[in-house]
Amino acid sequence: MPPEFRIGPMSEADGAEICTWRYPPPYDLYRWPSWERMKAEEREFGDPAIRERQYASVRDGDGRLIGYAQFFPMVGVVRLGLGLRPDCCGRGWGAAFAAAIAEEAARRAPNAEIDLEVETWNVRAIRAYEKAGFVASDRYERQASHGRVSILCMVYPPAGR
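Residues numbered from 1 in each chain as written. Predicted model: local features only at pLDDT ≥ 70, side-chain atom pairs only at ≥ 80, totals over all residues. Heavy atoms only, no water.

## Brief notes about the pairing of strand β6 (residues 135-144)
Examined bridge by bridge, β6 and strand β7 (residues 147-156) share nine bridges and lie antiparallel to one another. The partner of Glu-141 across the bridge, within β7, is Ser-150. A loop of two residues connects β6 with β7, the two strands running antiparallel in sequence. (Pairing = 2+ DSSP bridges. Helix = DSSP H or I, 4+ residues; strand = E, 2+ residues; numbered from the N terminus.)

See the structure below:
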C-alpha cells in the first residue's frame, strides 16, 4: 500500500539529496547532475527562483523525502515532471504517486489542462500513469539530453474534472 504523499516546497537540501539518487539501468538516464553543477548552471531546481515556482518535494507521512514534482506552466497547460526515490520504485506506488501530483496540479491551476511526457519505451511508467487516470493524447519525437526520443504525451484526467 502506498504511503501518504505530502507535497510541499522543495528546499535546497531536498534538491541536493535528489541529485544523489541513482536509478538502475535503463532508468539511470533520468539522473540529475551533481548539486554543485545544478547550482552553478542554475539548472532546473538548482535555480532558486525556478525551484520555488515550479518544483515541490513529496514526503511520506513520517516526513521522509520520497519524490519530487515539477509543475511546468505553459499556456493553458501544466506539464508535470515527477520522480520517485529509487528505492521506492517497484513497490506499486507509481499510480498513487502520479495521481497525487496531478491532483495537486489541478488544485494549483483549476482551469488548466494537466499533462506529462513519457518516453515510449518506459512501459512501467506508462502503466502507472494509465492506472492514475492519464490518457494518451499524442505521440511524437523530440530531442532530449540523452538523444532523440519517442514521446507519448498523456493528459489527466480523462473527461470531467
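Back to the write-up after that little detour.
## Details of unusual backbone geometry
A cis amide bond, omega 5°, links Pro-25 with the succeeding residue Pro-26. Here the amide bond leading from Tyr-156 into Pro-157 is cis, since omega sits at -20°, within 30 degrees of zero. Relative to the helices and strands, Pro-157 resides in the segment after β7. With a phi close to 50°, Glu-42 is a non-glycine residue in the positive phi region. Inspection of the secondary structure assignment puts Glu-42 in the loop between α2 (35-40) and α3 (48-54). Although it is not a glycine, Glu-44 adopts a positive phi angle of roughly 45°. You can see Glu-44 is positioned in the loop between α2 and α3. Residue Glu-44 is classed as partly exposed on the basis of its relative accessible area of 29%. (Buried < 20%, exposed > 50% of the residue type's maximum accessible area, 1.4 Å probe, protein only.)

## Some points on the packing of aromatic side chains
Applying the stated rule across the entire model yields eleven aromatic pairs. Where Tyr-27 meets Trp-121, the ring centres are 5.6 Å apart and the plane angle is 40°; that geometry is what we call tilted. Within this pair, whereas Tyr-27 is found in the loop between α1 (12-18) and α2, its partner Trp-121 is found in the loop between β5 (113-119) and α5 (123-132), the two being separated by 94 residues in sequence. Taking relative accessible area as the criterion, Trp-121 reaches 34% and is therefore assigned partly exposed. Through a chain of ring-to-ring contacts, the aromatic side chains of Trp-21, Trp-32, Trp-35, Phe-45, Tyr-55 and Tyr-68 assemble into a single cluster. Stacked on the ring of Tyr-27, the Lys or Arg Arg-124 has its end atom at 4.0 Å from the ring centre. (Phe/Tyr/Trp six-rings, centres within 6.5 Å; stacked < 30°, edge-to-face > 60°. Lys NZ or Arg CZ within 6 Å of the ring centre and 35° of its normal.)

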